[in-house]
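# Reading the structure
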Amino acid sequence: MHILIVEDDRELCDALRLQLKARSHTADCCHTGTDALYRAMKNSYDLILLDRMLPEIDGLSILRSIRQNHITVPVIMTTALDTINDRIDGLDCGADDYLVKPYAIEELMARIRALSRRPQAFAEHQRLSFLDIDFDPDSRILSCGQQERQLSRREALMLEFFLRNPEKTLIREQIFSRVWGPDGTVEDGNLDTYIYFLRKHLRSLESRTVISTVHGLGYRMEGIT
């Protein structure tokens, strides 16, 4: 999983990142509400670990903003505040879970595993659009204007993931997990091959939509003028 850790205690943040890395997760750290909101809006994460008390913008305000922008990433809110009303406030703002500091790393990992087992919040068969393209996951038909292309199942899964996260950087590990499954065995070059296929489809449709390489990280779907 690719996790965003939002924590103003830098030592705690670094310790959490190392613990998650040891359990085969990747994590980004940020220490202010402003940085956290920017990252949550621009990147695609599998989970956000969000401290409630932050400089610049507090955790509840960040949570409200991302939910108002229809970002459904699971959020575990962490705080030293331990009253029923504090927990209710966090959950009512859109948190999926709540941890009171100090907490054991094994409890955090158990909460992460529980959230990862939940079904996707979005409707799997909703038609998807971005700029000049339209995609029907049921039929696997990609269209642009009057032109259409039939995609393979793997191409369709990958395109759907990009269309649900337009203009966000999707790291390679996220794409592998979504398209081949969290336990799938696949050669690294297969991802680049399917990216090539999708780019070829988009070019043949003469679409303004492109899949750009974000060097060292992954790919991003965006538009060209």
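Reference entry: report on the structure contained in this document. Since the model is a prediction, treat every value here as computed from it, not as a measurement. (Residues numbered from 1 in each chain as written. Predicted model: local features only at pLDDT ≥ 70, side-chain atom pairs only at ≥ 80, totals over all residues. Heavy atoms only, no water.)

Here strand β7 (residues 133-136) shows a buried face lined by Ile133 and Phe135 and a second buried face lined by Asp134 and Asp136. By the bridge criterion, 3 bridges tie strand β6 (residues 128-130) to β7 in an arrangement that is antiparallel. Bridge assignment links Phe130 to a residue of β7, and that residue is Ile133. As consecutive antiparallel partners, β6 and β7 are separated by 2 residues, and within that stretch Leu131 has a phi angle of approximately 50 degrees, a positive value. (Buried < 20%, exposed > 50% of the residue type's maximum accessible area, 1.4 Å probe, protein only. Helix = DSSP H or I, 4+ residues; strand = E, 2+ residues; numbered from the N terminus. Pairing = 2+ DSSP bridges.)

Turning our attention to the packing of aromatic side chains. As enumerated under the stated definition, the model contains 4 aromatic pairs in all. Relative to Tyr194, the ring of Trp180 lies with its centre 5.8 Å away and its plane at 75 degrees, an arrangement referred to as edge-to-face. Within this pair, whereas Trp180 is found in helix α7 (residues 172-180), its partner Tyr194 is found in helix α8 (residues 188-204), the two being separated by 14 residues in sequence. Taken together, a centroid distance of 5.5 Å and an interplanar angle of 85 degrees make the contact between Tyr194 and Phe197 edge-to-face. (Phe/Tyr/Trp six-rings, centres within 6.5 Å; stacked < 30°, edge-to-face > 60°.)

The next thing to look at is helix α1 (residues 10-22). The end-to-end C-alpha distance of α1 is 18 Å, a good match for the 18 Å that 13 residues give at a rise of 1.5 Å each. Considered for burial, the residues of α1 that qualify are Cys13, Leu16 and Leu20. End-on, the buried residues of α1 take up no more than an arc of 65 degrees, which puts them together on one face. Across α1 from its buried face, at more than 90 degrees, point the exposed residues Arg10, Glu11, Leu18, Lys21 and Ala22. (Expected span 1.5 Å × (residues − 1). Arc of directions from axis to C-beta.)

So, on to the pairing of strand β3 (residues 47-51). It is a general feature of regular strands that their side chains alternate between the two faces of the sheet. Of all 5 residues in β3, 5 are buried, a share of seventy percent or more. Residue alternation in β3 divides its side chains into two sets, Leu47, Leu49 and Asp51 and Ile48 and Leu50, and both sets are buried. Examined bridge by bridge, strand β1 (residues 2-6) and β3 share 4 bridges and lie parallel to one another. Each bridged residue has a counterpart across the sheet, and for Ile5 the counterpart in β3 is Leu49. By the bridge criterion, 4 bridges tie β3 to strand β4 (residues 75-79) in an arrangement that is parallel. The partner of Leu50 across the bridge, within β4, is Met77. Running through helix α3 (residues 59-68), the crossover from β3 to the neighbouring parallel element β4 is right-handed. (Right-handed = clockwise from strand over helix to strand, strands pointing away.)

Attention now moves to the packing of helix α2 (residues 33-42) against α3. Angle between the axes and distance between the axes are the two parameters that describe a pair of packed helices. Closest axis-to-axis distance for the α2/α3 pair is 10 Å, and the angle between their directions is 20 degrees. The orientation of α2 relative to α3 falls into the category roughly parallel. In terms of crossing hand, the pair formed by α2 and α3 is right-handed. For the pair α2 and α3, contact is made by Gly33, Ala36, Leu37, Ala40 and Met41 and by Ile62, Ser65 and Ile66, respectively. (Axes fitted to C-alpha atoms, helices over the stretch in contact; angles between N-to-C directions. Parallel < 35°, antiparallel > 145°, perpendicular 65-115°, else oblique. Left-handed = near helix turned anticlockwise from the far one by under 90°. Contact = heavy atoms within 4.5 Å.)

Within the secondary structure, Ser143 sits in strand β8 (residues 141-144). Linking Ser143 and Ser207, residues 64 residues apart in sequence, is a C-alpha distance of 9.3 Å. Those residues in contact with Ser143 that lie beyond four places of it in its chain are Asp132, Ile133, Asp134 and Glu148.

Lys101 connects to Pro102 through a cis peptide bond whose omega is -10 degrees. Of note in the backbone geometry, Arg140 takes a positive phi value of approximately 65 degrees without being a glycine. What makes Arg140 partly exposed here is its relative accessible area of 30%. One non-glycine residue, Glu167, adopts positive backbone phi at about 60 degrees. Here Glu167 shows up in the loop between α6 (153-163) and β10 (169-171).

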